[in-house]
Amino acid sequence: MRSIKTKLFSLGMAASMLLALGGCAMSTPANVGSIGGVEIPAGVYLLAQYNSYNTASGLADLATGETANDVKTVLKAQCTGTINGEEVTTDGADYISQLTSHAIEYYAAVEKEFDELGGVLDDAATAEAANSADSLWNSNGDLYTANGISKSTVETYLLNAQKAKAILNLTYGADGTSPVTEAEYTDYVNNDCYYVETVQFPLVNYSSYSLATDDQKSQIQDIAAQCLAELNEQATAETASNSALYTAAMNYVPQAMSAMGSTIESAQAVYYAGSKLYTPDDLSSFGGDGYNNLTDPLDEIPLGTWTTIDLGTTLLVARRIDPLKTYTVDQLNSMYDMLTSMKSDEIQDKLYADGAALEHNLDSSAINTYSASKIKKTVSK
C-alpha cells in the first residue's frame with residue numbers, strides 16, 4: 001500500500017503539492033480556520049487537498065476508460081491505502097479529506113515549532129525557495145493560474161518546507177536541543193550504511209541504447225575479471241590506494257566500451273570509478289528484504305575484498321571499506337548529510353503527531369466552500 005508519508009524536505013514532493021496553493025480566486029473565505037493557533041490559509045488547504053487528490057487517484061479502483069483526470073469519478077471510487085500508519089479503505093472523497101487534514105496538521109506543526117525554537121531562515125534557504133518558485137511558475141504557470149494559484153503562495157509553501165528542514169537541525173544538529181552524538185553517527189555508519197568503492201562497466205551502448213549481446217557481455221565480464229584481479233592483488237599487498245581505483249578505470253573501462261562498439265578516452269574513464277556512502281534509503285533502491293543486489297554480494301566477502309556485481313545494465317567491480325579509517329564523522333556528515341538520512345523520518349513522524357494533537361479550530365463552512373470537486377486537472381488553451 002502506498003503511504004502518504006514522503007521523504008522530508010523533498011522539493012520534488014513540494015512541487016507535486018503546489019498545484020492548489022495560492023491566493024484563491026474566490027473572494028471568501030481567506031482561510032479555513034486554525035490549528036494550534038496557526039492560521040491555515042485557503043491556499044494551503046487547497047494545496048493539501050490537491051496533493052491528497054493525486055495520492056487518492058493513484059489508489060482509486062477505476063474502471064476501464066476512467067482516468068485520474070476525471071475528478072468526479074475519483075471522488076466516488078474506492079481507495080485503499082495507508083494513512084498515519086493504518087490501512088484505510090473508503091471512497092475517494094473521504095480518503096482525500098483524511099489526507100488533507102493530516103497535511104494541514106503537519107503544516108501547522110512546522111510553523112508553530114519553528115517559531116517556538118526561535119528559528120530564522122538563512123539567506124540560502126530563502127533564496128532556494130524563491131528560485132524554486134520561479135522555476136515552478138515558469139513551467140506550470142498556466143495550470144497554477146487555472147487553480148487560483150499565486151506565485152507568492154507557491155513560495156510560501158516552499159518556505160514552510162525550508163522551516164521543516166531547519167527544525168531537524170534545531171532539534172538534532174550540533175547546537176540543537178537533542179544533538180546526535182558522535183557515537184550515534186559512528187554506529188550509523190558501521191551498522192546501517194555501506195561505504196563502497198566501484199569501477200562501473202556499462203552493459204548498455206548509450207549511442208544506440210541497446211543492451212550488450214551475450215558475446216559482448218562475456219567479453220566485458222572477462223575485462224572486469226582482469227580489473228578485479230589487479231585490484232585484489234594490490235589490496236592483498238596493502239599497496240592499494242585511491243589512485244589505484246582510478247588507474248584501473250582508465251585501463252579497463254575503455255576496453256569494455258570497445259567491446260560494446262563505443263570509444264572513450266582514458267581521461268574520461270575516471271568518471272566510471274568512485275566511492276560513496278550508501279545510506280539505508282540509497283540501499284533500498286537495490287532491492288527489498290528478500291535480496292539486495294548491492295549489499296548481499298558485498299556481505300558474502302570480507303571487508304576490503306573486491307568482487308563483481310551484475311546490476312543488469314551495469315557490471316560493477318566493487319568492495320566495501322571502512323570510511324572511518326579515512327574520514328572523520330564530521331567530514332562524512334558534511335559530505336553526505338547523515339543527519340537528514342538518520343533523523344528525517346523521526347522528526348517528520350513527530351511533526352505529524354504534534355499537529356494532530358494541537359487544538360483544531362477549523363471552519364467547516366469554509367472547508368465546504370473549497371470542495372475537492374472543484375479541482376482542475378487540465379488547462380484549456
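Bear in mind the structure is a predicted one, so any value in this text is a computation, not a measurement.

Draft legend 1. Structural detail: the overall build of the chain. Check the secondary structure of the chain and you find 15 helices and 11 strands. When each of the 381 residues of the chain is scored for burial, the buried share is 46%. In the chain, the proportion of contacts linking residues at least 24 apart, taken out of those at least 6 apart, comes to 68%. Working note: accessible area of the chain is about 18800 Å², and carbon and sulfur atoms make up 46% of it. The positive charge centre, built from 20 side chains, and the negative charge centre, built from 48, are 8 Å apart in the chain.

Draft legend 2. Structural detail: the sheet that holds strand β2 (residues 38-41). What the 3 strands build is an open sheet, ordered β2-β1-β11; its pairing is antiparallel. Each edge of the sheet is formed by a strand with only one pairing partner; in this case those strands are β2 and β11 (360-362). Here the strands of the sheet are splayed against their neighbours by 20 degrees on average, with no regard to which way each runs. Relative to β2, strand β1 (residues 31-35) is paired through 3 bridges, and the arrangement is antiparallel. Of the residues in β2, the one forming a bridge with N31 is P41. Lying on the sheet, helix α2 (residues 42-59) is in contact with β1 and β2; it crosses β2 at an angle near 65 degrees.

Draft legend 3. Geometry of the environment of A357. You can see A357 is positioned in helix α14 (residues 338-357). Along the sequence, A357 and A109 sit 248 residues apart, while their C-alpha atoms lie 9.4 Å from each other.

Draft legend 4. Representation of the packing of helix α4 (residues 92-116) against α14. Axis separation between α4 and α14 bottoms out at 7 Å; the angle between their running directions is 100 degrees. Comparing their axes, α14 and α4 come out roughly perpendicular. Judged by residue contacts, H102, E105, Y106, A109, V110 and E113 of α4 engage Q348, K350, L351, Y352, D354, G355 and A356 from α14.

Draft legend 5. Structural context of the packing of aromatic side chains. Counted by the stated rule, this structure contains 3 aromatic pairs. Each ring, one from Y278 and one from F286, has its centre 6.0 Å from the other, and the planes form 70 degrees; the classification is edge-to-face. Each member of the pair Y278 and F286 is classed as buried. Directly above the aromatic system of Y194 lies the positively charged group of R320, at a separation of 3.7 Å from the ring centroid. Across from the ring centre of Y172, 4.7 Å away, lies the NZ or CZ of K343, which sits over that ring.

Draft legend 6. View of α2. Compared with the 26 Å implied by 1.5 Å per residue over 18 residues, the 26 Å span of α2 between its first and last C-alpha is a close match. α2 sits mainly inside the fold: 16 of its 18 residues count as buried.

Draft legend 7. How the structure looks around the sheet that holds strand β5 (residues 194-202). If you trace the 4 strands from one edge of the open sheet to the other, you get β8-β5-β10-β9, paired in antiparallel fashion. Edge positions in the sheet fall to β8 (273-278) and β9 (307-310), since each has one partner strand and no second. Neighbour to neighbour, the strand axes of the sheet diverge by 35 degrees on average, direction disregarded. In terms of strand pairing, β5 meets β8 through 6 bridges, oriented antiparallel. From the neighbouring strand, V196 faces β8, where its bridge partner is K276.

Draft legend 8. Fine view of helix α5 (residues 123-146). Residue N140 marks the point of greatest curvature in α5, where the axis turns by about 85 degrees. A125, A129, S132, A133, L136, G141, L143 and Y144 are the residues of α5 that are buried. Positive backbone phi, approximately 75 degrees, marks G148, located one or two places after α5.

Draft legend 9. Representation of the pairing of strand β3 (residues 78-83) in the model. With respect to burial, β3 is a largely interior element, 5 of its 6 residues being buried. Bridging between β3 and strand β4 (residues 86-91) involves 6 bridges; their strand directions are antiparallel. Considered in β4, the bridge of T82 is made with E87. Counting the residues in the hairpin turn of β3 and β4 gives 2 residues, including N84, whose phi is positive at 55 degrees.

Draft legend 10. Seen up close, the side chain of S52. Positionally, S52 belongs in helix α2. Here S52 falls in the buried class, since its relative accessible area comes to 2%. Beyond its immediate stretch of four places on either side in the chain, S52 contacts I96, L99 and T100.

Draft legend 11. Layout of unusual backbone geometry. Although it is not a glycine, N84 sits at a positive phi angle of roughly 55 degrees. Inspection of the secondary structure puts N84 in the loop between β3 and β4. You can call N84 exposed: its relative accessible area is 58%. Phi at D337 takes a positive value of approximately 45 degrees, unusual for a residue other than glycine. Its location among the elements puts D337 in the loop between α13 (329-336) and α14.

Cut-offs applied
- Residues numbered from 1 in each chain as written.
- Predicted model: local features only at pLDDT ≥ 70, side-chain atom pairs only at ≥ 80, totals over all residues.
- Heavy atoms only, no water.
- Helix = DSSP H or I, 4+ residues; strand = E, 2+ residues; numbered from the N terminus.
- Buried < 20%, exposed > 50% of the residue type's maximum accessible area, 1.4 Å probe, protein only.
- Contact = heavy atoms within 4.5 Å.
- Areas by Shrake-Rupley, 256 points an atom, 1.4 Å probe, with all protein chains shown as cover.
- Lys, Arg positive; Asp, Glu negative; His and termini not counted.
- Charge placed at Lys NZ, Arg CZ, Asp CG, Glu CD.
- Pairing = 2+ DSSP bridges.
- Axes fitted to C-alpha atoms, helices over the stretch in contact; angles between N-to-C directions.
- Parallel < 35°, antiparallel > 145°, perpendicular 65-115°, else oblique.
- Phe/Tyr/Trp six-rings, centres within 6.5 Å; stacked < 30°, edge-to-face > 60°.
- Lys NZ or Arg CZ within 6 Å of the ring centre and 35° of its normal.
- Expected span 1.5 Å × (residues − 1).
- Bend = angle between axes of the 7 residues up to and from the residue.

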